[in-house]
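# Structural description and commentary
Letter by letter, the chains look like this.
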Amino acid sequence: MNVNIEESWKSRLSSEFEKPYFAELIRFVKAEYAAGPCYPPGRLLFNAFAHTPFDKVKVVILGQDPYHEPGQAHGLCFSVPQGIPAPPSLVNIMKEIQAEGFDLQGMANDASRWPYDLTRWADQGVFLLNTCLSVRAHQAFSHSGHGWETFTDAVIRLLAEQTEHLVFLLWGAPAGKKAALIDPSRHLVLRSAHPSPLSAYRGFFGNQHFLRCNQYLVEHGKEAIRWGGEFN
C-alpha cells in the first residue's frame, strides 16, 4: 500500500502497511472523512512523522487522540497551530515547563512564536505521537479501536528496538501501558499522571520530566531540547 508518509519512516514501516489490519484502517478512515468533519485535516495525519524523521528522534511524547474541535488538531500531539488558544492539558504542560525554569515569556510576547504550537519541539527531535491519529469532530476516542493503536504500537516498538538512548514521556494510564514495549535498559522511560486538569495535581505537576529528559540527553551526547523560548 502506498502511504504518504516521510521517507525514512516509510521505508521502515513498509511491511506494516501491507498488513490486513492497516488496509481496513485506511478504509475506515477514508469513509469517516467522507461522511463528515474529522481531524486533523487529512494531509496532516502523518505530520509528526514529517517533522521528526526516524533518525532525528530523541524524545517521544505520547498523546491519546487528536483534539476534536475545529482548528485545533494539526497532527502533533498536544499542539495547536499558530493563534489557536491552548486546551487545558496544554496550558498545564506550559505551567510545568515554566516551573522547571524554561522561559516562555519572550514567546508569549512575540506573535510569530506562538508558545502552544509545538512544531518547534518536533523540529528538534521530539516525536509528538498520538496513539490514535484521527478523530470524528466533537467525539473524543471516536476512531479508537479501528487499528490506529496497532499501528502506533508498531511505531513505538520500532523506535525502541532500532535506536538507543531515547526518552519516552508517558503521561496518564493509556500512555503508561506503552512502557511494556520499551526496554528501560536502552532508553529512559518517564511516567506520570496526565496533564489534564482532572489529574495534573496528582503527579504531573512537579514531575521534572523536561529537566530530567535534557539531563539524560546530554549525558548520552545529545543536544538538549529547547522547551521554552530560549533560542534565537
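A brief look at the structure comes next. Quick caveat: nothing in here was measured; it's all calculated off a predicted structure. (Residues numbered from 1 in each chain as written. Predicted model: local features only at pLDDT ≥ 70, side-chain atom pairs only at ≥ 80, totals over all residues. Heavy atoms only, no water.)

Relative to the helices and strands, Glu16 resides in helix 1 (residues 7-17). Along the primary structure Glu16 and Thr150 are separated by 134 residues, whereas in three dimensions their C-alpha atoms are 9.7 Å apart. If near-sequence neighbours (up to four positions away) are discounted, Glu16 is found in contact with Tyr21, Phe22, Thr150, Phe151 and Ala154. (Helix = DSSP H or I, 4+ residues; strand = E, 2+ residues; numbered from the N terminus. Contact = heavy atoms within 4.5 Å.)

Residue position: Ser142 is located in the loop between strand 4 (135-136) and helix 7 (148-162). The exposure class of Ser142 is buried, given its relative accessible area of 14%. Put simply, Ser142 and Gln64 are 78 residues apart on the chain and 11 Å apart in space, counted from C-alpha to C-alpha. If near-sequence neighbours (up to four positions away) are discounted, Ser142 is found in contact with Phe28, Asp65, Val135 and Arg136. Here Gln139 takes part through its backbone oxygen, which lies 2.7 Å from a polar atom of the side chain of Ser142. (Buried < 20%, exposed > 50% of the residue type's maximum accessible area, 1.4 Å probe, protein only. Polar contact = N/O pair within 3.5 Å; in protein donor to acceptor, adjacent residues only side chain to side chain.)

Considering the arrangement of structural elements, one finds Ser89 in helix 4 (residues 88-99). Looking at Ser89, the relative accessible area reads 13%, which means it is buried. For Ser89, the residues in contact, after removing those within four places along its chain, are Phe78, His194, Pro195, Ser196 and Pro197.

Following the criterion strictly, the structure yields 21 aromatic pairs and no others. Taking 6.1 Å as the distance between ring centres and 70° as the angle between the ring planes, the aromatic pair formed by Phe46 and Trp148 counts as edge-to-face. Within this pair, whereas Phe46 is found in the loop between strand 1 (38-39) and helix 3 (47-51), its partner Trp148 is found in helix 7, the two being separated by 102 residues in sequence. Note on accessibility: Phe46 and Trp148 belong to one class, buried. Geometrically, the ring pair formed by Trp171 and Phe204 is edge-to-face, given 5.2 Å between the ring centres and 80° between the ring planes. Of the two residues, Trp171 is situated in strand 5 (residues 167-171) and Phe204 in the loop between strand 6 (188-192) and helix 9 (209-219); the sequence distance between them amounts to 33 residues. Classification of Trp171 as buried rests on a relative accessible area of 1%. (Phe/Tyr/Trp six-rings, centres within 6.5 Å; stacked < 30°, edge-to-face > 60°.)

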